[in-house]
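# A structural walkthrough
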Amino acid sequence: MASSIDILLATYNGARYLPELLASLDAQDGPDFRVLVRDDGSRDGTRDILADWAAGRSGRVTMLPTDRSTGSAAGNFDCLMQASTADYVLFADQDDLWRPGKVAATIAALRMAEAEGGGASRPAMTFCDLALVDGAGQPLHASFRAFQGLDAVAGVRFERLLLNNVVTGCAMGVNRAALTVSGPLPPEAVMHDWWLALVCAGLGTIRVMPECLIDYRQHEGNVVGARHATVFDALPGLGRISAVIANIGAYRAWLDRLYRQAAAFRKRHGDQVPPHLRPVLEAFSGLGAQGPLGRRVTALRHGFRLESRVQTLAFLARM
């Protein structure tokens with residue numbers, strides 16, 4: 001029996017780029033799939049575009065009713081995740097372009113991840129690289145990972161994911177076990193892709209795909225976009241002392257949010273995490289309750305770090 005596949009498409013005021021994404025889904029040369037769509041209250045014609053597209057694809061597109069606005073991409077995707085019943089699930093952003101082999105390559109990699117990780121009963125994830133393009137679809141950079149300075153293989157280690165997410169939602173696919181374990185998203189989850197990555201790294205397996213299978217559009221409306229990774233990403237803002245202090249405050253507020261996400265993960269999945277990872281999870285989720293010196297010692301002991309040595313040193317200085 002063939003495995004079922006859902007592509008989850010969350011939309012909000014995406015009329016400008018949505019037709020190109022839908023055309024790229026139509027052009028997929030892999031296995032059959034269903035597109036499960038939920039709009040979060042668009043006011044720009046997005047719903048009309050989706051309705052017209054769905055009308056010509058009976059049985060292949062399911063539109064969820066918008067009974068309420070979630071107000072966020074994570075909330076919109078969470079509704080889709082809870083509605084999906086497929087064996088394998090991929091995630092689509094409304095403004096990207098999928099290359100023709102994306103679905104087939106992602107499903108093949110997911111099956112390999114399941115084989116490596118102990119079977120379909122354990123959470124599994126895979127994710128590809130992305131090419132950066134501008135609003136008009138013109139090339140900006142051949143590799144998102146290179147542009148960001150990401151080591152995706154090292155980055156999916158559990159202790160690294162607690163601090164920094166290297167998984168881009170539109171590039172990933174997960175199996176049924178991952179979706180079942182992950183939902184519903186807790187309020188503390190920063191994003192759906194980050195939470196799923198933590199689940200798969202902590203309770204299952206993640207397979208990193210080297211292929212570039214998406215044109216990742218960069219424009220003024222990106223919820224999460226790409227930018228060059230530099231030393232200044234991890235350093236306080238330069239300028240007046242007040243600006244530096246405000247920047248440090250915002251950074252520490254962000255870290256507090258990550259500590260809360262880890263604490264929520266520990267509360268829900270702590271007894272399922274392998275014994276060798278439990279001290280890591282406990283240490284990170286408890287960082288917010290420690291003093292400055294204790295936080296730094298704990299971070300060094302458990303390998304909490306960013307991509308580069310300089311960024312890690314700056315993180316330690318600001319935590």
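Located above this text is the structure these notes cover.
Quick look at the structure, then. (Residues numbered from 1 in each chain as written. Predicted model: local features only at pLDDT ≥ 70, side-chain atom pairs only at ≥ 80, totals over all residues. Heavy atoms only, no water.)

## Quick notes on the overall build of the protein
Along its length, the protein carries 13 helices and 9 strands. In terms of C-alpha radius of gyration, the protein reaches 20 Å, essentially the compact-globule figure of 20 Å for 319 residues. Projected onto the principal axes, the alpha-carbon positions of the protein cover approximately 60 × 45 × 40 Å. Looking at the protein as a whole, 51% of its 319 residues qualify as buried. Counting only contacts in the protein whose residues sit at least 6 apart along the sequence, the fraction spanning at least 24 positions is 76%. (Helix = DSSP H or I, 4+ residues; strand = E, 2+ residues; numbered from the N terminus. Rg over C-alpha atoms; globule rule 2.2 N^0.38 Å. Buried < 20%, exposed > 50% of the residue type's maximum accessible area, 1.4 Å probe, protein only. Contact = heavy atoms within 4.5 Å.)

## Description of the pattern of salt bridges
Under the defined criterion, the tally for this structure stands at 11 salt bridges. Two residues, E307 and R160, come together in a salt bridge whose shortest N-O distance is 3.6 Å. Of this pair, E307 sits in the loop between helix 12 (292-302) and helix 13 (309-318) while R160 sits in helix 7 (residues 158-161), and the two are 147 residues apart along the sequence. Taken as a pair, E307 and R160 share a single burial class, namely buried. (Salt bridge = Lys/Arg side-chain N within 4 Å of Asp/Glu carboxyl O.)

## Considering the packing of aromatic side chains
If you walk through the whole model with that rule in mind, you get 7 aromatic pairs. Through pairs of rings, three or more aromatic residues link up here, namely F158, W195 and F265. Cation over ring: R60 sits above F33, and NZ or CZ is 5.1 Å from the ring centre. Between the NZ or CZ atom of K102 and the centre of the ring of W98, over which it lies, the distance is 3.8 Å. (Phe/Tyr/Trp six-rings, centres within 6.5 Å; stacked < 30°, edge-to-face > 60°. Lys NZ or Arg CZ within 6 Å of the ring centre and 35° of its normal.)

## Regarding helix 9 (residues 192-203)
For helix 9, which comprises 12 residues, the first-to-last C-alpha distance of 16 Å matches the rise-based estimate of 16 Å (1.5 Å per residue) to within 8%. Among the 12 residues of helix 9, 12 are classified as buried, and the element is accordingly described as predominantly covered. Within helix 9, the full set of buried residues consists of H192, D193, W194, W195, L196, A197, L198, V199, C200, A201, G202 and L203. (Expected span 1.5 Å × (residues − 1).)

## Quick word on the environment of A23
Residue placement: A23 occurs in helix 1 (residues 18-26). A residue is classified by how much of its surface remains accessible, and A23, at 44% relative accessible area, is partly exposed.

## A few points about the state of the cysteines
Evaluated as defined, the whole model comprises 0 disulfides. In this structure C212 is not part of a disulfide, and its nearest cysteine sulfur, from C128, lies 6.9 Å away. (Disulfide = S-S within 2.5 Å.)

## Quick look at the environment of G291
With respect to the secondary-structure elements, G291 resides in the loop between helix 11 (278-285) and helix 12. Relative accessible area serves as the criterion here: at 38%, G291 is assigned to the partly exposed category. Considered as a pair, G291 and M319 are 28 residues apart in the sequence and their alpha carbons are 9.8 Å apart.

## Let's talk about the side chain of D96
Considering the arrangement of structural elements, one finds D96 in the loop between strand 4 (88-92) and strand 5 (97-98). The charged side chain of D96 is buried without a salt bridge, its nearest counter-charge being R217 at 5.9 Å. A polar contact is formed between the side chain of D96 and the backbone nitrogen of R217, at a distance of 3.2 Å. (Lys, Arg positive; Asp, Glu negative; His and termini not counted. Polar contact = N/O pair within 3.5 Å; in protein donor to acceptor, adjacent residues only side chain to side chain.)

## A word on the packing of helix 12 against helix 13
Here helix 12 crosses helix 13 at 150°, and the two axes come no closer than 9 Å. Viewed along their axes, helix 12 and helix 13 adopt a mutual orientation that is roughly antiparallel. For the pair helix 12 and helix 13, contact is made by R296, A299 and L300 and by F315, L316, A317 and R318, respectively. Considered class by class, the residues forming the contact of helix 12 with helix 13 number 5 nonpolar, no polar and 2 charged. (Axes fitted to C-alpha atoms, helices over the stretch in contact; angles between N-to-C directions. Parallel < 35°, antiparallel > 145°, perpendicular 65-115°, else oblique. Nonpolar A, V, L, I, M, F, W, Y, C, P; charged D, E, K, R; others polar.)

## Here we look at the side chain of T126
Here T126 shows up in strand 6 (residues 124-133). Judged by relative accessible area, T126 falls into the buried class, the value being 0%. Among the polar contacts listed, one links the side chain of T126 to the backbone oxygen of R207, at a separation of 2.8 Å. Leave out the neighbours within four places in its chain, and T126 touches T106, A109, L110, A171, M172, G173, R207 and M209.

## Remarks on the pairing of strand 2 (residues 34-39)
Judged by how many residues are buried, strand 2 sits mostly within the fold: 5 of 6 residues are covered. As defined by bridge partners, strand 1 (residues 5-11) adjoins strand 2 across 6 bridges and the pair is classed as parallel. If you follow L9 over to strand 2, its bridge partner there is V37. Viewed along the sheet, the connection from strand 1 through helix 1 into strand 2 turns out right-handed. Note: strand 2 against strand 3 (residues 61-63), 3 bridges, orientation parallel. Bridge pairing links V37 to M63 in strand 3. Since strand 2 and strand 3 lie parallel, the crossover through helix 2 (residues 46-55) that links them has a hand, and here it is right-handed. (Pairing = 2+ DSSP bridges. Right-handed = clockwise from strand over helix to strand, strands pointing away.)

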